[in-house]
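# Architecture at a glance
Chain by chain, the residues:
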Amino acid sequence: MDRNPSPPPPGRNKEEEEVAGGDCIGSTVYSKHWLFGVLSGLIQIVSPENTKSSSDDEEQQMELDEEMENEICRVWDMSMDEDVALFLQEFNAPDIFMGVLAKSKCPRLREICVGILGNMACFQEICVSISSDENLGQVLLHCLYDSDPPTLLETSRLLLTCLSQAEVASVWVERIREHPAIYDSICFIMSSSTNVDLLVKVGEVVDKLFDLDEKLMLEWVRNGASQPLDQPQEESEEQPVFRLVPCILEAAKQVRSENPEWLDVYMHILQLLTTVDDGIQAIVYCPDTGKDIWNLLFDLVCHEFCQSDDPPIILQEQKTVLASVFSVLCAIYASQTEQEYLKIEKVDLPLIDSLIRVLQNMEQCQKKPENSAESNTDETKKTDLTQDDFHLKILKDILCEFLSNIFQALTKETVAQGVKEGQLSKQKCSSAFQNLLPFYSPVVEDFIKILHEVDKALADDLEKSFPDWFQTPVPKKSCLSIPWIKMAEPEDGNFLHTENHMERSCPGEYVELRVKVK
């Protein structure tokens, strides 16, 4: 006989809900008692009774029980929730994880514990607490000497998270400075690891360190730059001259083999190095390394990034890495032009072609769409556009500086070759001039003089395209007058708001006209 089911006994579900609610962590459905059980299991693993072992069961300690691994991995996932992370902090879980890291030889268990701490450190309050614990800080830095790539990856992620918190960043910088062996470990990882995920994360840590502390960057650059006075000559010959830069180069090559788009961080590290003299010397004067770095970056801009068959919009994805690459190339080019790999006829024309192509793509990216009025109604899009313009402006400044340096070094023979091969066509020269003028007008004028000797017709066409810059200078007495809104300041100190003129005596030169008040 069909009938509706009877209701449950009154009060039973309510009581169970109250019990369950008291067992929940914060607003989650995770159980406190279950978590206590997992953490208690961790304590048992590193208890003195379990850590005393003979060589026979040492291999067994390297493995993690499957059930325990599944449970601790659930904690790892749960720790991304702030309520869970705060509860772990309240339960002194970081101390438990520190004990595991200090005593356990199981790579998987060590990886998971560091990973949980990394998730917890994403929340500022917990990050400050973890960073203020000197003992835990020492244990975590010691994890950088580990030979297990997953553990190194999680340790690097944790360090990067802490370095990104302004309140505690200086604490970690000082700790790292006090441990010179960390430099050796990071150099070893960059020079020997084939794990691209690890290389990228370690690169992000180095990049953040150098960005935060120039003094530390200089210390690392100089590390190994000169042999100790008490070191025998025969031993010193086997030591690398500049260890850091070759290691960065090796890491960049490995990352490029997987995905060139991940090179951004290593290119930015090199760019930071070029901001100090010691960094430039480490790149340029290091035997073979300078040439290898130049060849890598040269190949990237000439054959990898922003190519002629790529849509112009690709520049939006590559603008930051291109800014770093061209900045380093520009620094090397300006500091050591006598090197064989920088000979004019070998590099200038391909570089000019790449620089102008990027500038042309930039012009396309900066063109406003027809429906820009509608798109501007969204505040988020406005912000994104402003940020894009900022990064593109930085890239443009770097491109123009580099292009002007190359133009200054061009010989008549190189210009003739460029005109013949198309790197210095009218269209490309016009694009270059549009970006170089007015700030690099002397460079453009010198180039035009050389071009007159090579191809007078092309030079004349370009001068006609830019009449304001290529015309016979007019004497000051009969100067051109260009409208300019200006407040004139006469000798008696009275101001006159009027539409005055700025006298233009020659291209690029302006003289203020004063209007006397009667």
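Up top is the structure.
Residues numbered from 1 in each chain as written. Predicted model: local features only at pLDDT ≥ 70, side-chain atom pairs only at ≥ 80, totals over all residues. Heavy atoms only, no water.

When you go through the chain residue by residue, the secondary structure sums to 28 helices and 3 strands. Accessible surface for the chain amounts to roughly 27900 Å². Of this, 49% is attributable to carbon and sulfur atoms. (Helix = DSSP H or I, 4+ residues; strand = E, 2+ residues; numbered from the N terminus. Areas by Shrake-Rupley, 256 points an atom, 1.4 Å probe, with all protein chains shown as cover.)

Bringing helix H19 (residues 277-284) into the picture now. Turning to H19, its buried residues are Gly-279, Ile-280, Ala-282, Ile-283 and Val-284. Next to the buried residues of H19 lie helix H15 (214-222), helix H17 (244-258), helix H18 (264-273), helix H20 (289-303) and helix H21 (314-335). (Buried < 20%, exposed > 50% of the residue type's maximum accessible area, 1.4 Å probe, protein only. Contact = heavy atoms within 4.5 Å.)

This part is about the packing of helix H14 (residues 196-212) against H17. With their axes 10 Å apart at the nearest point, H14 and H17 run at an angle of 135° to one another. Considered as vectors, H14 and H17 are oriented oblique to each other. Pair H14 / H17 crosses with left-handed handedness. Residue-level contacts link Val-196, Leu-199, Val-200 and Phe-210 of H14 to Leu-244, Ala-251, Gln-254, Val-255 and Glu-258 of H17. Residue composition of the contact of H14 with H17, by class: 7 nonpolar, 1 polar and 1 charged. (Axes fitted to C-alpha atoms, helices over the stretch in contact; angles between N-to-C directions. Parallel < 35°, antiparallel > 145°, perpendicular 65-115°, else oblique. Left-handed = near helix turned anticlockwise from the far one by under 90°. Nonpolar A, V, L, I, M, F, W, Y, C, P; charged D, E, K, R; others polar.)

Residue position: Thr-274 is located in the loop between H18 and H19. Judged by relative accessible area, Thr-274 falls into the buried class, the value being 15%. With residues near it in sequence (within four places) discarded, Thr-274 still touches Ile-280, Ile-283, Val-328 and Ala-331.

Here Ile-126 shows up in helix H9 (residues 124-132). Given the relative accessible area of 1%, Ile-126 is considered buried. Sequence separation between Ile-126 and Ala-85 is 41 residues, and the spatial gap between their C-alpha atoms is 7.9 Å.

What follows concerns the side chain of Arg-175. Checked against the element boundaries, Arg-175 lands in helix H12 (residues 169-177). Arg-175 has contacts with Ser-131, Ser-132, Asp-133, Glu-134, Gly-137 and Leu-141, leaving out every residue within four places of it along the chain.

Moving on, we get to H15. Of the positions making up H15, those classed as buried are Leu-216, Met-217, Leu-218, Trp-220 and Val-221. Lining the buried residues of H15 we find H12, helix H13 (180-192), H14, H17, H18 and H19. The opening residue of H15, the one whose side-chain oxygen lies 3.0 Å from the backbone nitrogen of Lys-215, is Asp-213. (Polar contact = N/O pair within 3.5 Å; in protein donor to acceptor, adjacent residues only side chain to side chain.)

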